[in-house]
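Structural features, examined
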Amino acid sequence: MIEIKHVSKWYGSFQVLADCTTSVAKGEVVVVCGPSGSGKSTLIKTVNALEPFQEGEIVVDGISVGDAKTDLPKLRSKVGMVFQHFELFPHLSVMDNLTLAQVKVLGRGKDEAAERARKLLDRVGLKAHQEKFPGQLSGGQQQRVAIARALSMDPIAMLFDEPTSALDPEMVNEVLDVMVDLAKEGMTMMVVTHEMGFARKVAHRVVFMDGGKIVEDTDKDAFFDPSALRSERARHFLSKIL
Ligand code: ADP
Ligand code: MG
């Protein structure tokens, strides 16, 4: 579903991604971790063309992301993205946050979009809050709205960039629970997170980045098996967060 092949990217003379190659198969959950500044956000943003890259190739469901002819709004509507800071539209109600792009980008009728929104809000446990504005919700609730909004576009894959790291600790699990359910339903997911409990529970593979490079790309069990870890850097990182 997502193929990242030999991708390199520079900011001026600073190389932020160095020959990154990995993939996410349909229905697969890949967790991306690594120290701050290692390029995780940049890598995940290249997948739906929020960040350009200079070398290599990324193909999402057969669409070449770097190709100048690619219809980027269409690509982005197929790949849902959830950020650390929820990035909801503050001046729109929860319902309007969920229906806007369905109507504008997918051309759905208002009733159809609202019906879909209600189903998704029910699924993330927020049906009673549909007329509220984002500022009236807790961080955990806002992030669940953000996930529901991304799902309203019927994405073929979901990208998450540290979706729980800005939340108060007591709200982390309500967001992770929604993500665990999504994973169990077979959603294709690429998730930047340091929540190793989540990784253990639902990840198929773990990618570890350091200094713009993919240092480890292994199946989940191998990643958490200390004797199987190949890089000293990953071992050190894990010893700090586990
Ligand atoms: P991570 O998500 O792993 O913390 P990022 O992908 O955000 O890492 O950033 C990787 C590196 O690229 C960092 O050193 C960061 O300072 C640098 N960087 C990120 N965005 C920019 C930018 N717009 N211009 C210059 N450097 C940037
Ligand atoms: Mg980041």
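Read on for an overview of the structure.

Conventions adopted
- Residues numbered from 1 in each chain as written.
- Chains lettered and ligands numbered in written order.
- Predicted model: local features only at pLDDT ≥ 70, side-chain atom pairs only at ≥ 80, totals over all residues.
- Heavy atoms only, no water.
- Pairing = 2+ DSSP bridges.
- Helix = DSSP H or I, 4+ residues; strand = E, 2+ residues; numbered from the N terminus.
- Expected span 1.5 Å × (residues − 1).
- Buried < 20%, exposed > 50% of the residue type's maximum accessible area, 1.4 Å probe, protein only.
- 1 Å grid on protein atoms, 1.4 Å probe; cavity = no way out; pocket = protein on both sides within 12 Å on 5 of 7 lines; lining within 4 Å.
- Points joined across faces, edges and corners; volume = space filled by probe spheres on them.
- Nonpolar A, V, L, I, M, F, W, Y, C, P; charged D, E, K, R; others polar.
- Core = buried A, V, L, I, M, F, W, Y, C linked by side-chain atoms within 4.5 Å.
- Contact = heavy atoms within 4.5 Å.
- Disulfide = S-S within 2.5 Å.
- Axes fitted to C-alpha atoms, helices over the stretch in contact; angles between N-to-C directions.
- Parallel < 35°, antiparallel > 145°, perpendicular 65-115°, else oblique.
- Left-handed = near helix turned anticlockwise from the far one by under 90°.
- Phe/Tyr/Trp six-rings, centres within 6.5 Å; stacked < 30°, edge-to-face > 60°.
- Near = heavy atom within 4 Å.
- Polar contact = N/O pair within 3.5 Å; in protein donor to acceptor, adjacent residues only side chain to side chain.
- Areas by Shrake-Rupley, 256 points an atom, 1.4 Å probe, with all protein chains shown as cover.

Ordered by their spatial adjacency, four strands build an open sheet running β2-β1-β4-β5, and the pairing between neighbours is antiparallel. Bordering the open sheet on either side are β2 (14-24) and β5 (63-64), each of which pairs with just one other strand. Pairing of strand β4 (residues 55-60) with β5, which is carried by two bridges, proceeds in the antiparallel orientation. Looking at β5, one finds that Val59 is bridged to Ser64.

Helix length check: helix α5 (residues 139-151) (13 residues) gives 18 Å between terminal C-alpha atoms against 18 Å at 1.5 Å per residue, within 8%. Burial runs high along α5: 13 of the 13 residues are buried.

Where strand β1 (residues 2-11) and β2 come together, seven bridges link them in antiparallel fashion. Directly across from Trp10, in β2, lies its bridge partner Gln15. Counted along the chain from β1 to the antiparallel partner β2, the turn is two residues long, and its residue Gly12 has a positive phi close to 60 degrees.

For the rest of this paragraph, the subject is the layout of surface pockets. Rolled over the atoms, a probe sized like a water molecule indicates the empty space that remains. What the largest pocket holds in volume is close to 520 Å³. Lining of the largest pocket is provided by 21 residues; of these, Arg76, Met81, Ala101, Arg149 and Met153 occupy positions nearest its centre. Those elements that provide at least two residues to the lining of the largest pocket are α2 (72-78), β6 (79-82), α3 (94-104) and α5. Ranked by the residues each element gives to the lining of the largest pocket, the list is headed by α3, at four residues. Looking at the lining of the largest pocket, its residues break down into 13 nonpolar, four polar and four charged. Empty space within the second largest pocket amounts to approximately 180 Å³. Leu92, Met95, Asp96, Thr99, Leu100, Val103, Lys104, Lys110, Asp111, Ala113 and Ala114 are the residues that line the second largest pocket. When contributions to the lining of the second largest pocket are tallied by element, the ones reaching two or more residues are α3 and α4 (110-123). A total of six residues in the lining of the second largest pocket trace back to one element, the largest contributor, which is α3.

Turning our attention to the nonpolar core. Among the nonpolar cores identified, the biggest contains 49 residues, and Ile147, Met158, Phe160, Met179, Met189 and Phe198 are the most heavily contacted of them. Ranked by residues supplied to this core, first place goes to helix α6 (residues 169-184) with nine residues. Apart from the residues lying within four places of it in its own chain, the contact partners of Met158 are Gly80, Val82, Ile147, Ala150, Leu151, Leu182, Met187, Thr188, Met189 and Met190. Listed in part, the 27 residues of the second largest apolar core include Ile44, Leu75, Leu159 and Val207.

Turning next to the state of the cysteines. Applying the stated criterion across every chain yields a total of zero disulfides. No disulfide involves Cys20; its sulfur sits 14 Å from that of Cys33, the nearest cysteine. Given a relative accessible area of 0%, Cys20 falls into the buried group.

Below, the discussion takes up the packing of α3 against α4. Helix packing geometry: the angle between the two helix axes and the distance between the axes. Between α3 and α4, whose axes approach to 9 Å, the crossing angle comes to 130 degrees. As summarised for this structure, α3 and α4 are arranged oblique, according to the angle between their axes. Helix-helix and strand crossings are classified by hand; for α3 and α4 the assignment is right-handed. The segment α3 lies against α4, with Val94, Met95, Leu98, Thr99, Gln102 and Val103 engaging Lys110, Ala113, Ala114, Arg116, Ala117, Arg118, Leu120 and Leu121. For the contact of α3 with α4, the class distribution of residues is nine nonpolar, two polar and three charged.

Counted by the stated rule, this structure contains two aromatic pairs. Here the aromatic rings of Phe208 and Phe237 are separated by 5.3 Å at their centres, their planes lie at 55 degrees, and the arrangement is tilted. One end of the pair, Phe208, is in strand β9 (residues 205-210); the other, Phe237, is in helix α9 (residues 232-241), with 29 residues separating them in the sequence. The exposure class of Phe208 is buried, given its relative accessible area of 0%.

Around ligand 1 lies a shell formed by Tyr11, Phe14, Val16, Pro35, Ser36, Gly37, Ser38, Gly39, Lys40, Ser41 and Thr42. Contacts to ligand 1 include Gly37, whose backbone N or O atom sits 2.7 Å from an oxygen atom. One of the side-chain N or O atoms of Thr42 is found 2.5 Å from an oxygen atom in ligand 1. For ligand 1, whose free accessible area comes to 560 Å², the fraction covered by protein is 58%.

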